[in-house]
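Residues per chain, in single letters:
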Amino acid sequence: MGDKRLVTAICVNALLTLAQVVGGILSGSLSLIADALHNLSDAASLAIALIARKIGRKPPDAFKTFGYQRSETIAALINLVTLVIVGLYLVYEAIGRLFVPQPVEGWTIVVVAGIALIVDLATAILTYTMSKSSMNIKAAFLHNVSDAMASVGVVIAGTLILLYGWYWTDTVLTLMIAGYVLWQGFSMLPKTIHLLMEGTPNGVSIDEVISAMEQVDDVVGVHHVHVWELAEHTIALEAHVVVKKANLPDLERVKTNLKGVLHDQFDVSHSTLEIEQEGSGCVDTQTNRKHGSA
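Predicted model only: the values in this text are computed from it and were never measured.

The subject of this paragraph is the overall build of the chain. Tallying secondary structure elements over the chain gives eight helices and three strands in all. Going residue by residue from the N terminus, the α and β elements of the chain occur as α-α-α-α-α-α-α-β-β-α-β. Counting across all 294 residues of the chain, residues that qualify as buried make up 48%. Sequence-distant contacts in the chain: of pairs separated by 6 or more residues, those separated by 24 or more amount to 74%. When the accessible surface of the chain is split by element, carbon and sulfur atoms take 66% of a total near 15000 Å².

Okay, here's the thing in structure tokens:
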């Protein structure tokens, strides 16, 4: 059902983009073309997200032992970079219009923007439920909401042109849309890059993880700790754990308890623990320190 909703949203946004480009050319409205380019980026982002979802479902294999879920994060990076490029282009075009004003047909703007508003709201409804659990779909959902807001602005600009002949409102609105597009792109890029760089997940403190692990019975110390996200909502951890000297069944009990703490307190779904006997020394000579970070 999720894939069907995405396909529907892609088709609707692609048709809307075509209608807005034609309407923008006929009316001479740069803001309408700006909104069309934003819608085109939405359609492209939905298409990339759909492809990434299908790739992400592939099971792990010898080539990708962790699986293919991170493909959605790569898709998000592509979408955001494209969004920033579109925003910069709109700024360039709008500044050009300030020096060379052009006449704008108000009625065409109002009609096409009104249709765009309906389509944007419909697309937002299609993706709303899916946006609650996916960073990529949430970004697309927010884009559609912002498109709806932009369409409202375009209708207002067209009305002002019809009533008062204020053609400058079209250029000002274009700059506002471009600014919002750039703000969205730059605000989401750091989180996407952080995930691809295997950064520590938001809300997870390395010191708190170590403290919780060291409270488990028979654990003497923890070091060489790395926490990262294999994919969105999938946290992984690796660590060296120093334990009191014990037999194999006791070591397995400690490891089971540690994995339970990591899962319950920090939502770690994949953990790799290297057990070291007290007094034996760390086997990893390059990272023999209190802890590391990822």
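Next up on the list: the pairing of strand E2 (residues 234-243). Burial within E2 is extensive, with nine of its 10 residues counted as buried. In terms of strand pairing, strand E1 (residues 219-231) meets E2 through nine bridges, oriented antiparallel. Note that in E2 the partner of His-223 across the bridge is His-240. Between E1 and the antiparallel strand that follows it, E2, lie two residues; His-233 among them carries a positive phi value of about 75°. Sheet topology note: the E2/strand E3 (residues 268-277) ladder contains nine bridges and is parallel. Bridge assignment links Leu-237 to a residue of E3, and that residue is Ser-271. With respect to chirality, the unit in which E2 leads through helix H8 (residues 248-266) into the neighbouring parallel E3 is right-handed.

Spatially, three strands are ordered E1-E2-E3 in an open sheet, and the strand pairing comes out mixed. In the strand order of this sheet, the two ends are held by E1 and E3, each with one partner. Shown here is a sheet whose adjacent strand axes are inclined to one another by a mean of 15°, direction ignored. Across the sheet, helix H7 (residues 206-214) touches E1, E2 and E3, and the angle it forms with E1 is around 130°. Set on the sheet, H8 makes contact with E1, E2 and E3; between it and E3 the angle comes to about 145°.

With that settled, consider the packing of aromatic side chains. Taken as a whole, this structure holds zero aromatic pairs when the rule is applied. In this structure, Lys-58 is placed above the aromatic ring of Tyr-68, and the distance from its NZ or CZ to the ring centre is 4.4 Å.

The subject of this paragraph is unusual backbone geometry. Of note in this structure, Asp-218 is not a glycine but carries a positive phi near 75°. Locating Asp-218 in the fold gives a position in the loop between H7 and E1. Positive phi, close to 50°, is recorded for His-224, a residue that is not glycine. Position of His-224 among the secondary structure elements: in strand E1.

Side chains of Trp-107, Val-111, Ile-115, Leu-162, Leu-163, Tyr-164, Trp-166, Trp-168, Val-172 and Met-176 sit close together on the surface and give an oily, nonpolar patch of about 1100 Å² of accessible area. At the level of secondary structure, the elements contributing two or more residues to the nonpolar patch comprise helix H4 (106-131), helix H5 (135-164) and helix H6 (168-196). Summarising the element assignment, Trp-166 is placed in the loop between H5 and H6. Taking relative accessible area as the criterion, Trp-166 reaches 36% and is therefore assigned partly exposed.

On the secondary structure map, Thr-192 appears in helix H6. At a separation of 3.2 Å, a polar atom in the side chain of Thr-192 contacts the main-chain carbonyl oxygen of Met-188.

Before going further, it helps to examine the UniProt feature "transmembrane region" (unreviewed entry) in the chain. UniProt tags residues 73-95, 107-128 and 148-166 as "transmembrane region" (unreviewed entry). As annotated, residues 73-95 comprises 100% helix and 0% strand, and the C-alpha atoms at either end are separated by 33 Å. Across residues 148-166 one finds 89% helix and 0% strand; the C-alpha atoms that close the span lie 22 Å apart.

About the criteria used
- Residues numbered from 1 in each chain as written.
- Predicted model: local features only at pLDDT ≥ 70, side-chain atom pairs only at ≥ 80, totals over all residues.
- Heavy atoms only, no water.
- Helix = DSSP H or I, 4+ residues; strand = E, 2+ residues; numbered from the N terminus.
- Buried < 20%, exposed > 50% of the residue type's maximum accessible area, 1.4 Å probe, protein only.
- Contact = heavy atoms within 4.5 Å.
- Areas by Shrake-Rupley, 256 points an atom, 1.4 Å probe, with all protein chains shown as cover.
- Pairing = 2+ DSSP bridges.
- Right-handed = clockwise from strand over helix to strand, strands pointing away.
- Axes fitted to C-alpha atoms, helices over the stretch in contact; angles between N-to-C directions.
- Phe/Tyr/Trp six-rings, centres within 6.5 Å; stacked < 30°, edge-to-face > 60°.
- Lys NZ or Arg CZ within 6 Å of the ring centre and 35° of its normal.
- Patch = residues over 30% accessible without salt bridge, like charges linked within 9 Å, V, L, I, M, F, W, Y side chains within 5 Å.
- Salt bridge = Lys/Arg side-chain N within 4 Å of Asp/Glu carboxyl O.
- Polar contact = N/O pair within 3.5 Å; in protein donor to acceptor, adjacent residues only side chain to side chain.
- UniProt positions renumbered as here; feature names shortened; annotations may be inferred.

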